[in-house]
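# Structural features, examined
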There are 2 protein chains.
Amino acid sequence: MRRRIHPFGKLVVLIAFGVASTAAAVRAADPLPSWNDGAAKSAVVDFVRSTTDAQSPKFVPPEKRIATFDQDGTLWVEHPMYTQVVFCLDRVPAVVAKKPELREREPFKTVLSGDREAIAKLPLKDLEEILGATLSGMTVDEFQSEVRTWIKTARHHRWDCPYTDLVYQPMLEVLRFMRANGFKTYIVTGGGQDFVRVYSEQVYGIPPEQVVGTMGGTEYSYNAEGNPILTKEPKLLLNDNFAGKPEGIHLVIGRRPVAAFGNSTGDRQMLEYTTMHDGPGLGMLVFHDDAVREYAYGPAQGLPDTKVGTFTQSLYDEAAKRGWTVISMKSDWKRVFPFDK
Amino acid sequence: MRRRIHPFGKLVVLIAFGVASTAAAVRAADPLPSWNDGAAKSAVVDFVRSTTDAQSPKFVPPEKRIATFDQDGTLWVEHPMYTQVVFCLDRVPAVVAKKPELREREPFKTVLSGDREAIAKLPLKDLEEILGATLSGMTVDEFQSEVRTWIKTARHHRWDCPYTDLVYQPMLEVLRFMRANGFKTYIVTGGGQDFVRVYSEQVYGIPPEQVVGTMGGTEYSYNAEGNPILTKEPKLLLNDNFAGKPEGIHLVIGRRPVAAFGNSTGDRQMLEYTTMHDGPGLGMLVFHDDAVREYAYGPAQGLPDTKVGTFTQSLYDEAAKRGWTVISMKSDWKRVFPFDK
């Protein structure tokens, strides 16, 4: 009896072995293949390993695994202009068509002129007026449908591709790696909450309810058919930038994150809130030092300052003091975009 | 060979049969055992069955399965006073200890007198002043710890038990049934978002990030040790009641719910927003007509009107017009509380 081996016995053993070794390979697979080995990659991997290991003093129970990510300059390109600002500028003709009295008024006149240099020089106050005029006055449904159409067709000048292609492959890997380890990933952006929510699921795998951003009021009423509508009001509820980021996190999430990723002074308070308390906290900052594959800017390392994503010397100093890790786009990332070889 | 039956053969068959019949029993088990058969129970069960059946024209993909629940009077007892108002009244002595100038000022003087009748008669304006004074001025962490302590020790006068025991067993079953079918359950309450978030996970299985409520501002700063703190400000961002409910849903969730449960005029717009659009939408209203096991109030059926949870005739009429289902506590619920036999 002992010598009667089932004819498929060997095959079964081989298959079992194959399954086991595949599983081992998956376990051992590099979760961040677009990252070069180094301090930045290790900071992420070590943090996830220790906070998910029930035997570790740094263990974080699943419900408290909240990770927050700035968007512009952290998850996708923010240069030379925030994508949402381009959207707003593109919407000016439609707004003026509805309100012709704006045609000869600044800053609308400059925007309509199409003079890129003059537009780039518009002061913050003027930009805010454009944002107010182009991001309100329509229903929530109309706004979503406008953003959906625009984001499919608009193209970044340098790469001549949709903005949604200009996401950072290494950061997509961090998002996936953290989610695979039970983290709930949130976008916490200075950009408009309603804007980013339109494409966050498709682009980052982050559902709309996990996007915290600058929030405007809405007003509930009824349309001509008597059905309920929500209209976007030009009323700012929260500017989700600087101190507004932890305030927005408390408002929408109601828990303190344990990991935060940013790239500018606007993210400083979010990183402080995430790391300066008892228990584990990861702070990471993307530094744009790659003029060849992306852009190089930030006075912290003698690079030019820009209107967007300021990485100042004082932020750099605070990173060192608090143990936040600065990610060098040039040295830490093997690939920048999903389309890179 | 055919007659050589393995000695454990019968046992294996029996076990397999046992497993199969247990599975069938689980499938067939009543998901809402504390509900009597009737229109209300069927409305919930049929809605969940049809929206989760991929072959049904009413199918809703999992990511859009958002169900919202008012809290006071819908998930737990709201009579004779909202629990949060009791908390605020209980906090008045601590506030006055910090600000002695309030001791002789109304409405604080009346609250300190302990005269229940006079307190019950305080006008809304006075209550709002008490809420403002007792729900702000401390850090978010201090507030959470105060609510956590209070909710463990405070007791409802009629039943002499913690408020958290006074949840409706039939509604806990609806929450579990919907979650088991891929619905994300949210509380959408006129009460304070920060207040309800403290106990929502423990009492309803709803995590803090799935609680939408009346929202106040916070301010980011640093404590004496230089660590970040968020302080609750007496600044109202959104009154999450009436039209504020759909506005709050848009602000925090960013999606239109497909099911909504309420019990008063404060929930009217949430039910409209949930049901008056193309596609499936469930609207349900709890009617308090059970003076023996709970309370009976609501002018819609000639019962006394109260300060809380007003179920007016016009809401009753709208329910009929929109196809919302009115749940009779007396007839539709076998049990009211988890402690009922």
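Predicted model, so just to flag it, every value in this text is computed and none were measured.

### So, the relation of the copies chain B and chain A
When chain B is fitted onto chain A, the two copies agree to an RMSD of 0.0 Å after a turn of 180° and an axial shift of 0.0 Å. Seen this way, the second copy is the image of the first under a two-fold rotation axis. Considering only C-alpha atoms, the part of chain B nearest the rotation axis is Val252(B), at 2.9 Å. Here 100% of the interface residues in chain B have copies in chain A that are interface residues too; the copies meet face to matching face.

### Observations concerning helix α7 (residues 140–153) of chain B
Over its 14 residues, α7(B) extends 20 Å from the first C-alpha to the last, a length consistent with the 20 Å expected when each residue adds 1.5 Å. Burial in α7(B) covers these residues: Val140(B), Phe143(B), Val147(B), Trp150(B) and Ile151(B). When α7(B) is viewed along its axis, its buried side chains cluster within an angular range of 95° and face the same direction. The exposed set on the far side of α7(B), more than 90 degrees from its buried face, consists of Lys152(B) and Thr153(B). Lining the buried residues of α7(B) we find α11 (244–252) of chain A together with α3 (83–98), β3 (161–162), α9 (193–197), β5 (211–222) and β6 (228–238) of chain B.

### What about the pattern of salt bridges?
Scanning the entire structure with this criterion turns up 32 salt bridges over all chains. Here Lys41(A) and Asp37(A) are joined by a salt bridge, their closest N and O atoms 3.5 Å apart. For Lys41(A), a relative accessible area of 8% translates into the label buried. Among the residues examined, Asp37(A) registers a relative accessible area of 71% and is labelled exposed. With a shortest N-O distance of 2.9 Å, Lys184(A) and Glu209(B) are connected by a salt bridge. Of this pair, Lys184(A) sits in strand β4 (residues 184–192) while Glu209(B) sits in the loop between α10 (200–204) and β5, on two different chains. A cluster of three or more residues bridged by salt bridges with shared partners is formed by Asp30(A), Asp37(A) and Lys41(A).

### Overview of the sheet that holds β4(A)
All names here are of chain A. Taking strand neighbours across the sheet as the criterion, the seven strands line up as β6-β5-β4-β1-β7-β8-β9 in an open arrangement whose pairing is mixed. Lying at the two open borders of the sheet, with one neighbouring strand each, are β6 (228–238) and β9 (325–328). If you compare each strand with its neighbour and ignore which way they point, the axes differ by 35° on average. As paired strands, β4 and strand β5 (residues 211–222) are joined by three bridges and run parallel to one another. Pairing of Gly 192 across the sheet is with Thr 214, part of β5. Contacting β7 (259–262), β8 (282–287) and β9, helix α2 (residues 39–51) crosses the sheet at an angle of about 150° to β8. Of the strands in this sheet, β1 (66–69), β4, β7 and β8 are in contact with helix α12 (residues 268–275), which crosses β7 at around 165°.

### A word on the environment of Val77(A)
Residue and element names in this part refer to chain A. Inspection of the secondary structure puts Val 77 in the loop between β1 and α3 (83–98). Residue Val 77 is classed as buried on the basis of its relative accessible area of 4%. Residues within four places of Val 77 in sequence aside, it is in contact with Thr 83, His 156, Trp 159, Leu 166, Tyr 168, Glu 294, Tyr 295 and Phe 337.

### Quick word on the sheet that holds strand β4 (residues 184–192) of chain B
Read from one edge of the open sheet, seven strands run β6-β5-β4-β1-β7-β8-β9 (chain B), paired in mixed fashion. Edge positions in the sheet fall to β6 and β9 (325–328) of chain B, since each has one partner strand and no second. The sheet shows a mean angle of 35° between the axes of neighbouring strands, taken without regard to direction. Two strands pair when backbone bridges link them, and strand β1 (residues 66–69) of chain B and β4(B) are joined in this way by four bridges, in the parallel orientation. Its bridge partner lying in β4(B), Phe69(B) is registered against Ile187(B). Strand contacts of α11(A): β5 and β6 of chain B, with the helix running at about 155° to β5(B), the strand carrying the most contacts.

### Focus: the interface of chain B and chain A
Tallying the contact residues gives 38 residues for chain B and 38 residues for chain A. With both chains or domains summed, chain B and chain A bury close to 3,300 Å², and 51% of this area falls on carbon and sulfur atoms. Linking chain B with chain A are six salt bridges. Linking chain B with chain A are 21 residue pairs in polar contact (both at pLDDT 80 or more). Elements with a contribution of two residues or more to the side of chain B that touches chain A: α7, β4, α9, β5, β6, α11 (244–252) and α12 (268–275) of chain B. Per element, the largest residue contribution to the side of chain B that touches chain A is six residues, and it comes from β5(B).

### Comments concerning unusual backbone geometry
Cis geometry is adopted by the peptide bond preceding Pro80(B), which originates at His79(B) and carries an omega value of 0°. You can see Pro80(B) is positioned in the loop between β1 and α3. That bond from Glu106(B) to Pro107(B) is cis: its omega, 0°, falls within 30 degrees of zero. Note that Pro107(B) resides in the loop between α3 and α4 (108–113). Within the chain, Asp160(A) stands out as a residue other than glycine whose phi angle is a positive 50°. Summarising the element assignment, Asp160(A) is placed in the loop between β2 (155–156) and β3 (161–162). Positive phi values are uncommon outside glycine, yet Phe242(A) reaches one of about 55°. In this structure, Phe242(A) sits in the loop between β6 and α11.

### Digging into the side chain of Thr310(B)
Looking at the element boundaries, Thr310(B) is found in the loop between β8 (282–287) and α13 (313–322). Sequence-distant contacts of Thr310(B), that is, excluding residues within four places in its chain, are made with Asn263(B), Ser264(B), Thr265(B), Asp305(B) and Leu315(B).

### Here we look at the pairing of β5(A)
Working note: regular strand, side chains alternate between the two faces of the sheet. All names here are of chain A. When β5 meets β6, the two strands line up antiparallel, connected through seven bridges. When the bridges of β6 are listed, Ser 221 appears paired with Ile 229. In sequence, β5 turns back onto β6 through a hairpin of five residues, with Gly 226 there showing a positive phi of about 85°.

Quick notes on the rules
- Residues numbered from 1 in each chain as written.
- Chains lettered and ligands numbered in written order.
- Predicted model: local features only at pLDDT ≥ 70, side-chain atom pairs only at ≥ 80, totals over all residues.
- Heavy atoms only, no water.
- Least-squares fit on C-alpha atoms with pLDDT ≥ 70 in both.
- Contact = heavy atoms within 4.5 Å.
- Helix = DSSP H or I, 4+ residues; strand = E, 2+ residues; numbered from the N terminus.
- Expected span 1.5 Å × (residues − 1).
- Buried < 20%, exposed > 50% of the residue type's maximum accessible area, 1.4 Å probe, protein only.
- Arc of directions from axis to C-beta.
- Salt bridge = Lys/Arg side-chain N within 4 Å of Asp/Glu carboxyl O.
- Pairing = 2+ DSSP bridges.
- Axes fitted to C-alpha atoms, helices over the stretch in contact; angles between N-to-C directions.
- Buried area = accessible area lost by both parts, 1.4 Å probe.
- Polar contact = N/O pair within 3.5 Å; in protein donor to acceptor, adjacent residues only side chain to side chain.

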